[in-house]
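Now for the letters of each chain:
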Amino acid sequence: MYSEIQRERPEVRNFMSHPDYIDGNPDLIKPKKLLNPVKASKSHQELHRELLMNHKRGVGVESKPELQRVLEHRRRNQLLRQKKEEEEAKKLQSPFEQELLKRQQRLDQLERGQEKHEEHAPEFIKVKENLRRTSTLTGEEKVL
């Protein structure tokens, strides 16, 4: 069946025009293949030759792929930009804002120190504090 379809199908050659230069007409100028200017340049040829030699020797051109190098370069630049922005923000802060930030940091440190102190306290002290809280709540509830 497939062979029948192939026989019935018209050939593509019948639809395409036949080029004149194949006939061998001496009056016509035969087309030449265009040269690629990149491949024709000396620097490209030398680079290609060097890459082939390195490949034959098994020497890697670079240890990191280009994409990885570009991404690292972008990360480094981004970190530098962030640091510069932070420094500029600090310079633009008034002395009052700087003093407020210092006080806030001190308060945060004191709160952390108290939390650590409460965590290391013996259990009987914690229970005693809980009992005081419950006893004061029940006393207040009696008054109401």
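The protein goes by Actin-associated protein FAM107A in an unreviewed UniProt entry, where it is assigned to Chelydra serpentina.

A. Spatial organisation of the overall build of the protein. A count of helical and extended segments in the protein gives six helices and zero strands. For the protein, the succession of helices and strands along the chain, N to C, is α-α-α-α-α-α. Of all 144 residues assigned to the protein, the portion counted as buried reaches 1%.

B. A negative patch on the surface, seen in detail. Taken together, the side chains of Glu111, Glu115, Glu118, Glu119 and Glu129 present a region of like negative charge at the surface. In terms of residue count, helix 5 (residues 95-119) provides more of the negative patch than any other element does, four residues in total. Examined against the element boundaries, glutamate 111 turns out to sit in helix 5.

C. Summary view of the pattern of salt bridges. For the structure shown, the criterion picks out one salt bridge. Between arginine 106 and glutamate 99 there is a salt bridge; the shortest N-O distance is 3.7 Å. Judged by its relative accessible area of 33%, glutamate 99 is partly exposed.

D. Fine view of the confidence of the model for the protein. With 75% of its residues at a pLDDT of 70 or more, the protein shows a mean pLDDT of 78. Between the elements of the protein, mean pLDDT differs from a low of 54, seen in helix 1 (residues 2-8), to a high of 91, seen in helix 4 (residues 66-92).

E. Representation of helix 3 (residues 42-57) in the model. Taking 1.5 Å per residue, 16 residues should reach 22 Å; helix 3 reaches 23 Å between its end C-alpha atoms and fits that length. Note on helix 3: the residue one or two positions beyond its end, glycine 58, has a positive phi of about 85°.

The rules behind the values
Counting starts from 1 at the beginning of each chain's written sequence and moves along it residue by residue. The predicted origin of the model limits local features to residues at a pLDDT of at least 70 and limits the giving and counting of side-chain atom pairs to 80 or more, whereas totals for whole chains, interfaces and linings rest on all residues. Side-chain measures here rest on the full set of heavy atoms in the structure, leaving out hydrogens and waters. A run of H or I in DSSP counts as a helix once it spans at least four residues, and a run of E counts as a strand once it spans at least two, with each numbered from the N terminus. Here's how the labels work: a residue is buried when its accessible area is under 20% of the maximum for its type, exposed when over 50%, partly exposed in between, all with a 1.4 Å probe on protein chains only. The patches described consist of residues with a relative accessible area above 30% and no salt bridge, like charges being joined within 9 Å and nonpolar side chains (Val, Leu, Ile, Met, Phe, Trp, Tyr) within 5 Å. In these tables, accessible area is a Shrake-Rupley quantity obtained with a 1.4 Å probe, and a residue counts as shielded only by the protein chains included in the view. Salt bridge criterion: a side-chain nitrogen from Lys or Arg within 4 Å of a carboxyl oxygen from Asp or Glu. Charged-residue counts in this description rest on Lys and Arg as positive and Asp and Glu as negative, His and the chain ends being excluded. All charge positions are set by atom: Lys at NZ, Arg at CZ, Asp at CG, Glu at CD. Here pLDDT means the predictor's own confidence in every residue, given as a number from 0 to 100. To estimate the expected span of a helix, count its residues, drop one, and scale the result by 1.5 Å.

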